[in-house]
Amino acid sequence: GSPAIAHTIMSWDFSDGQHLAISIETRKVDGQSYSTVGGFFRQYPIYYVAADERDVIGVRTNYRGENVWLYRLRAPPETAKALLLDYLKSMNALVEQPEWYNALVDNCTTSIRRHVQHLSPEGFPLDWRLLVNGYLPELLYERGSLYTGMPFAELEAISNIDARAKESGLGPDFSARIREGLPSARGQQLGVSAP
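All values reported here derive from a predicted model rather than from experimental measurement.

### Looking at the packing of aromatic side chains
Alright, step 1. One pass over the structure, following the stated rule, counts five aromatic pairs.
Alright, step 2. Note on Tyr-71 and Phe-152: the rings are 6.4 Å apart at their centroids and 15 degrees apart in plane angle, and the pair reads as stacked. Taken as a pair, Tyr-71 in strand β4 (residues 67–72) and Phe-152 in helix α6 (residues 152–159) lie far apart in primary sequence, 81 residues in all.
Alright, step 3. Accessibility expressed as a relative area gives 14% for Phe-152, which makes it buried.
Alright, step 4. An aromatic cluster of at least three residues, connected via ring pairs, comprises Trp-12, Tyr-48 and Tyr-87.

Next comes the structure, spelled out in structure tokens:
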């Protein structure tokens, strides 16, 4: 598809070296395929996939052949923890009250913005790149939320993890291998995949 449209995944790293990826997606019933137009009209319930990065990211790099970039967000550990807890609160709430995916206002990226807004209402102003989310990394770079010690084009180039993911073979060191060569940061990770 278009490089302007991507799927955004958040991932948290823990002090024991483990990583938890959470992807906000559409839940389709057997035989149902995704329709871009249908995504605007309450066709799909929204759900959160919480899994090991080998499952959520590895399926995209190693099986689907999607391009994936991994950007480390600059956030203190307490902010990363609060964001994870807000995600968990929403995941639990969906059990009682399902919500609908909306390609414009409640999708993989705008849902992340909603979680950030819960922590800091002024923290993530609206921007067109939230909707054309293939450009989200540039927005985050401009706001200083990503490593800015090199030009964005260089950061983007080293943040593409396709080759490292495939070389890892989805082994137990997958999460460490896909981070090789990335600037150091603590807190959550933002995965962006483009078909």
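From this point, the narrative continues.
### Structural notes on the nonpolar core
Alright, step 1. Formed by 28 residues in total, the largest nonpolar core has its most connected members in Met-10, Trp-12, Tyr-87 and Leu-146.
Alright, step 2. Elements that contribute at least two residues to this core include exactly β1 (7–13), β2 (19–26), β3 (46–51), β4, α3 (77–96), α5 (136–142) and α6.
Alright, step 3. At five residues, the largest contribution of residues to this core is made by α3.
Alright, step 4. Core analysis: the second largest hydrophobic core is formed by eight residues, Leu-70, Ile-161, Ala-165 and Phe-174 among them.

Analysis parameters
Residues numbered from 1 in each chain as written. Predicted model: local features only at pLDDT ≥ 70, side-chain atom pairs only at ≥ 80, totals over all residues. Heavy atoms only, no water. Phe/Tyr/Trp six-rings, centres within 6.5 Å; stacked < 30°, edge-to-face > 60°. Helix = DSSP H or I, 4+ residues; strand = E, 2+ residues; numbered from the N terminus. Buried < 20%, exposed > 50% of the residue type's maximum accessible area, 1.4 Å probe, protein only. Core = buried A, V, L, I, M, F, W, Y, C linked by side-chain atoms within 4.5 Å.

Spatial relationships are all this shows, so hold off on functional conclusions.
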